[in-house]
Amino acid sequence: MELTGVSDYLADAVLVFAYGQGRAVLDANVARVISRYFGLREHTEARRDKRVRKLADDLVDQDRPRDYNFAILDLAASVCTPLNPKHDGCPLRRTCAVSLKSRHESLVKRTKSVDGHLDHSTRAPSHVRTAT
Ligand code: SF4
């Protein structure tokens, strides 16, 4: 089913919440969570980014699209907020690129301060980009 004459966001919301279709309801907040989780550059138009759209659709639980979309919308509004995201209380923190990068940098700082040099055994996982 397709809806014409309305925004993509509204069409997705109706198709998911009214008809149970397995697609993502992708607004700026959900795009922020996905960008952070996968270590993509955050920008104001991320919800129109084709990579973000594909990732968002791939993540949807096809058996429970309503629950999935409610959950990620809620996470975006209450945990992965634009400012001061609550990484420590986030259920995604163990695999999120932003959280892994932050923990890696903190570990490197602690290692440097203890030994006075960088311990190269504390490398970030290969999919996480680190500052140089
Ligand atoms: S760990 Fe932090 S950046 Fe990653 S999804 Fe959770 S709140 Fe957002």
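Source: prediction; values computed, not measured.

### Regarding the overall build of the protein
Here is step 1 of the chain: Summing up its helical and strand segments, the protein has five helices and zero strands in all.
Here is step 2 of the chain: Secondary structure elements of the protein, listed N to C terminal, follow the sequence α-α-α-α-α.
Here is step 3 of the chain: Going through the 132 residues of the protein one by one, you find that 33% of them count as buried.
Here is step 4 of the chain: A separation of at least 24 residues holds for 49% of the contacts in the protein among residues at least 6 apart in sequence.

### Overview of the site of the ligand
Here is step 1 of the chain: Inspection of the region around the ligand gives R36, C80, P85, H87, C90, R93, C96, V98 and S99 as its neighbouring residues.
Here is step 2 of the chain: Partitioning the shell around the ligand into residue classes produces five nonpolar, two polar and two charged.

### With respect to the environment of S7
Here is step 1 of the chain: Tracing the chain through its elements places S7 in the segment before helix 1 (8-17).
Here is step 2 of the chain: Here L10 takes part through its backbone nitrogen, which lies 3.1 Å from a polar atom of the side chain of S7.

### Considering helix 1
Here is step 1 of the chain: All buried positions along helix 1 are accounted for by A11, D12, A13, L15 and V16.
Here is step 2 of the chain: Here the buried face of helix 1 lies against helix 3 (50-59) and helix 4 (65-78).

### Focus: the confidence of the model for the protein
Here is step 1 of the chain: Per-residue confidence for the protein gives a mean pLDDT of 87; residues scoring 70 or more make up 85%.
Here is step 2 of the chain: The secondary-structure element of the protein with the lowest mean pLDDT is helix 5 (residues 97-115), recorded at 81, while helix 4 shows the highest, at 97.

About the thresholds
- Residues numbered from 1 in each chain as written.
- Predicted model: local features only at pLDDT ≥ 70, side-chain atom pairs only at ≥ 80, totals over all residues.
- Heavy atoms only, no water.
- Helix = DSSP H or I, 4+ residues; strand = E, 2+ residues; numbered from the N terminus.
- Buried < 20%, exposed > 50% of the residue type's maximum accessible area, 1.4 Å probe, protein only.
- Contact = heavy atoms within 4.5 Å.
- Near = heavy atom within 4 Å.
- Nonpolar A, V, L, I, M, F, W, Y, C, P; charged D, E, K, R; others polar.
- Polar contact = N/O pair within 3.5 Å; in protein donor to acceptor, adjacent residues only side chain to side chain.
- pLDDT = per-residue confidence, 0-100.

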